[in-house]
Amino acid sequence: MFSRLPAPEAALVTVVVRGREVSVPAGWSVAAALLSAGFDRNREAPVSGAPRAPYCMIGACFECLVVIDGVPDQRACMTPVSAGMRIERQGRDGAPLREES
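Position labels on residues start from 1 in each chain and follow its written sequence. Where local features are concerned, this predicted model is filtered to residues with pLDDT of at least 70; where side-chain atom pairs are given and counted, the filter is 80 or more; whole-chain, interface and lining totals use all residues. Heavy atoms from the whole structure form the basis of all side-chain values; hydrogens and water molecules are not counted.

Asks: Run through the overall build of the chain, naming residues and quoting values.
Replies: Helix numbers and strand numbers start at the N terminus; a helix is a DSSP run of H or I with at least 4 residues, a strand a run of E with at least 2. The number of helices and strands found in the chain is one helix and eight strands. Reading the secondary structure of the chain in the N-to-C direction produces β-β-α-β-β-β-β-β-β. Partly exposed describes any residue whose relative accessible area lies between the buried limit of under 20% and the exposed limit of over 50%, with all areas from a 1.4 Å probe on protein chains only and scaled to the type maximum. Across the 101 residues that make up the chain, the buried fraction comes to 39%. In the chain, once contacts between residues fewer than 6 apart in sequence are set aside, the share between residues at least 24 apart is 40%. The criterion used for residue contact is that any of the two residues' heavy atoms lie within 4.5 Å.

If you want it as structure tokens, here you go:
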């Protein structure tokens, strides 16, 4: 349930976020990787289309849903990064959004 924060000397892994390679410490959550890389919107609200972003960071609110390796509705705050992971914004219908809007 709980895990230690990565040590400063932790190995880096490279993930692909919206087509851009980002290196983050192994053990970080996808949400932490997105926020640290400056990505402040990760999905659209299903009804209004309003931009949404990680909120609670503990898996309760589901605001951080993203598409990971082609699979929609993945909680970014609960998913650890892994090398080569591909992360996309999620649209209203769960499909990946590849444009930066």
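Asks: For the environment of Gly 70, give the residues involved together with the corresponding values.
Replies: The topology assignment puts Gly 70 in the loop between β5 (65-68) and β6 (71-75). When the C-alpha atoms of Gly 70 and Ala 95 are compared, they prove to be 8.6 Å apart, with 25 residues separating the residues in sequence.

Asks: Please provide a residue-by-residue account of the pattern of salt bridges, values included.
Replies: What counts as a salt bridge is simple: a side-chain nitrogen of Lys or Arg found within 4 Å of a carboxyl oxygen of Asp or Glu. One pass over the structure, following the stated rule, counts three salt bridges. Across the pair Glu 63 and Arg 43 runs a salt bridge, and its minimum N-O distance is 3.1 Å. Taken together, the positions of Glu 63 in the loop between β4 (51-52) and β5 and Arg 43 in strand β3 (residues 43-44) put the pair 20 residues apart, joining distant regions of the chain. When sorted by exposure, Glu 63 lands in the same class as Arg 43, which is buried.

Asks: Tell me about the pairing of β6, and please be specific about residues and values.
Replies: Pairing analysis gives three bridges linking β5 to β6, with the strands arranged antiparallel. When the sheet's bridge partners are listed, Leu 65 is paired in β6 with Arg 75. Connecting β5 to the next strand, β6, in antiparallel fashion are two residues, including Asp 69 with a positive phi near 50 degrees. By this definition, two strands are paired if DSSP reports at least two bridges between them.

Asks: An account of the pairing of strand β1 (residues 12-17) is needed here, citing residue identities and associated values.
Replies: In the sheet, β1 pairs with strand β2 (residues 20-25) via six bridges, with the strands oriented antiparallel. Paired with Val 16 across the strands is Glu 21, a residue of β2. Where β1 folds back onto β2 in an antiparallel hairpin, the turn is made up of two residues, including Arg 18, whose phi is positive at roughly 50 degrees. As paired strands, β1 and strand β7 (residues 86-90) are joined by two bridges and run parallel to one another. In the sheet register, Val 17 faces β7, and the bridge partner there is Ile 87.

Asks: Describe in detail the nonpolar core, supporting the description with residues and values.
Replies: The term nonpolar core refers to a set of buried residues drawn from Ala, Val, Leu, Ile, Met, Phe, Trp, Tyr and Cys, joined through side-chain atoms within 4.5 Å. Val 30, Leu 34 and Ile 87 are the most contacted members of the largest nonpolar core, which has 19 residues in total. Broken down by secondary-structure element, the contributors of at least two residues to this core are β1, β2, α1 (30-36) and β5. Here this core gets four residues from one element, more than from any other, and that element is α1. For Leu 34, the contacting residues outside a window of four places in its chain are Val 17, Phe 39, Asn 42, Val 66, Ala 76 and Ile 87.

Functional significance is not addressed by these values, which are geometric in nature.
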